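Structure assessment
Residues per chain are reported as follows:
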Amino acid sequence: TQTVSQSDAHVTVFEGDSVELRCNYSYGGSIYLSWYIQHHGHGLQFLLKYYSGNPVVQGVNGFEAEFSKSDSSFHLRKASVHWSDSAVYFCAVSAAGTGSNRLTFGKGTKFSLIP
Amino acid sequence: NAGVIQTPRHKVTGKGQEATLWCEPISGHSAVFWYRQTIVQGLEFLTYFRNQAPIDDSGMPKERFSAQMPNQSHSTLKIQSTQPQDSAVYLCASSLDTYEQYFGPGTRLTVL
């Protein structure tokens, strides 16, 4: 069984600052990792994914994430945040090769900017 | 491309009534997923269809919940005898049967 942990329930920074949202997972086999964003009152929107290859993956709107097998992590980063980035961010995992593409989500990190 | 369509967006039922939620996946997508979102439990997987066939329903409550996909253009989630603890946002997602899923706006179910 795979599990996902997002240690920060809430992150707040100034516009233009950089940000890192943390995600750690637990699973013994091959795993597919992704990040989704949810703006208030909307469904989830896919940001980026990783399965193999270059551990740094680029997503939409300047987001990137880095996979670390040794740390069991897949942290999301952005160099300079904008007001429109305010949302809840979910890290998700899926166990590869099980025949099911179901996603297991973390509890989410609410990201907001200091006015 | 209209994206995943879910109807209704909001539904209020009385305790013990039935609720049927509808999902229209993105045209051409072969997989449909249902998730439930609450403040306390977060996002929970319910069930998953591939080419209209049920593949994984391990997240479905054993009683009162059922899901169907009678054709490639829609799926339904039915909750019989709704209870207050069923109150949640029910999210439908579709995909080309990959891990990249496209979510609808959700149906907010409130059971009084």
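Scroll up for the structure.
Residues numbered from 1 in each chain as written. Chains lettered and ligands numbered in written order. Predicted model: local features only at pLDDT ≥ 70, side-chain atom pairs only at ≥ 80, totals over all residues. Heavy atoms only, no water.

**Digging into the overall build of chain B**
Note the following rule: To qualify as a helix, a DSSP run of H or I must reach at least 4 residues; to qualify as a strand, a run of E must reach at least 2; elements of each kind are numbered from the N terminus. For a compact globule the rule gives 2.2 Å times the number of residues to the power 0.38, and the radius of gyration it is set against comes from C-alpha atoms. All accessibility values rest on the Shrake-Rupley procedure with a 1.4 Å probe; residue burial counts only the protein chains present in the view. Positive: Lys, Arg. Negative: Asp, Glu. His and the chain ends are not part of the count. Note on charges: their place is set at NZ of Lys, CZ of Arg, CG of Asp or CD of Glu.
Scanning chain B from N- to C-terminus turns up 0 helices and 11 strands. Traced from its N-terminal end to its C-terminal end, chain B shows the element sequence β-β-β-β-β-β-β-β-β-β-β. For chain B, the C-alpha radius of gyration of 13 Å lies close to 13 Å, the compact-globule estimate for 112 residues. Along the first, second and third principal axes, the C-alpha set of chain B runs to 35 × 25 × 25 Å. Here chain B displays about 5,400 Å² of accessible surface, and carbon together with sulfur accounts for 49% of that area. The averaged location of the 9 negative side-chain charges in chain B is 8 Å from the averaged location of its 9 positive side-chain charges.

**Observations concerning the interface of chain A and chain B**
Inclusion rule: In this description, contact between two residues means that some pair of their heavy atoms is separated by no more than 4.5 Å. By definition, the buried area sums, over both parts, the 1.4 Å-probe accessible area that each loses when the two are put together. The term salt bridge refers to a pairing of a side-chain nitrogen on Lys or Arg with a carboxyl oxygen on Asp or Glu at a separation within 4 Å. Residues adjacent in sequence count toward polar contacts only when both atoms are side-chain atoms; beyond that, a polar contact is any pair of N or O atoms within 3.5 Å, and within protein one must be able to donate a hydrogen and the other to accept it.
The interface is formed by 21 residues belonging to chain A together with 23 residues belonging to chain B. In total, chain A and chain B occlude about 1,800 Å² of area from one another, counting both sides; carbon and sulfur atoms represent 51% of this. Among the ionic pairs, Arg102(A) bridges to Asp56(B), the shortest N-O distance being 3.8 Å. The interface formed by chain A and chain B contains 9 residue pairs in polar contact (both at pLDDT 80 or more). Secondary-structure elements contributing two or more residues to the side of chain A that touches chain B are β5 (31-38), β6 (44-50) and β10 (87-95) of chain A.

**A look at the state of the cysteines**
The criterion, for reference: Note on terminology: pairs of cysteine sulfur atoms within 2.5 Å are recorded as disulfides. Classification of residues uses two cut-offs on accessible area relative to the type maximum, computed with a 1.4 Å probe and protein chains only: under 20% is buried, over 50% is exposed, and between them is partly exposed.
Taken as a whole, this structure holds 2 disulfides over all chains when the rule is applied. Disulfide pairing is shown between Cys23(A) and Cys91(A); the S-S distance is 2.0 Å. Taking the sign of the torsion about the S-S bond as the criterion, the disulfide between Cys23(A) and Cys91(A), at about -65°, is left-handed. Here Cys23(A), found in the loop between β3 (19-21) and β4 (24-26), pairs with Cys91(A), found in strand β10; they are 68 residues apart in sequence, far enough to count as distant. Note on Cys91(A): relative accessible area 0%, which makes it buried. Sulfur-sulfur distance for the disulfide between Cys23(B) and Cys92(B) comes to 1.8 Å. Its S-S torsion of approximately -65° makes the covalent link between Cys23(B) and Cys92(B) left-handed. Here the residue Cys23(B) occupies a position in strand β3 (residues 19-24), and Cys92(B) occupies one in strand β9 (residues 88-95), the gap between them amounting to 69 residues. Of the two residues, Cys23(B) and Cys92(B), neither departs from the other in class, the shared state being buried.

**A closer look at the pairing of strand β8 (residues 74-79) of chain B**
Residues and elements named next belong to chain B. This is how the line gets drawn: For two strands to be treated as a pair, DSSP must find no fewer than two bridges joining them.
Across the 6 residues that make up β8, a large majority, 5, are buried. Across 5 bridges, the pairing between strand β7 (residues 65-71) and β8 is antiparallel. Considered in β8, the bridge of Ala-67 is made with Leu-77. Turn length for the β7-β8 hairpin, with the two strands adjacent in sequence and antiparallel, is 2 residues.

**Digging into the sheet that holds β8(B)**
All names here are of chain B. As a reminder of what qualifies: Fitted lines through C-alpha atoms give the axes, limited to the stretch in contact for helices. The angle between two N-to-C directions lies from 0 to 180 degrees.
Taken in spatial order, the 4 strands make up an open sheet running β1-β3-β8-β7, and their pairing is antiparallel. Pairing within the sheet leaves two strands with one partner each, and these edge strands are β1 (5-7) and β7. Here the strands of the sheet are splayed against their neighbours by 20° on average, with no regard to which way each runs. Taken together, the 3 bridges between β1 and β3 define a ladder with antiparallel strand orientation. When the sheet's bridge partners are listed, Ile-5 is paired in β3 with Glu-24.

**A closer look at the pattern of salt bridges**
Evaluation of the coordinates by the stated rule reveals 8 salt bridges over all chains. When the shortest N-O distance is used, the salt bridge between Arg36(B) and Glu44(B) registers 3.3 Å. Sharing partners across several salt bridges, the network here consists of Glu64(A), Glu66(A) and Arg77(A).

**Some remarks on the layout of surface pockets**
Which entries qualify depends on this criterion: Using protein atoms alone on a 1 Å grid, points that fit a 1.4 Å probe yet trap it form a cavity, whereas open point sets bounded by protein on both sides within 12 Å along at least five of seven lines form a pocket; residues with an atom within 4 Å of a point count as lining. Grid points are joined across faces, edges and corners, and a volume is the space filled by probe spheres set on the points. Side-chain classes are defined by residue name, with Ala, Val, Leu, Ile, Met, Phe, Trp, Tyr, Cys and Pro counting as nonpolar, Asp, Glu, Lys and Arg as charged, and the others, Gly among them, as polar.
Approximately 830 Å³ is the volume attributed to the largest pocket. Listing elements by their share of the lining of the largest pocket, those giving two or more residues are β10 and β12 (109-113) of chain A together with β4 (31-38), β9 and β11 (107-111) of chain B. Per-element accounting of the lining of the largest pocket gives the leading share, 4 residues, to β11(B). Partitioned by chemical class, the residues of the lining of the largest pocket number 11 nonpolar, 16 polar and 4 charged.

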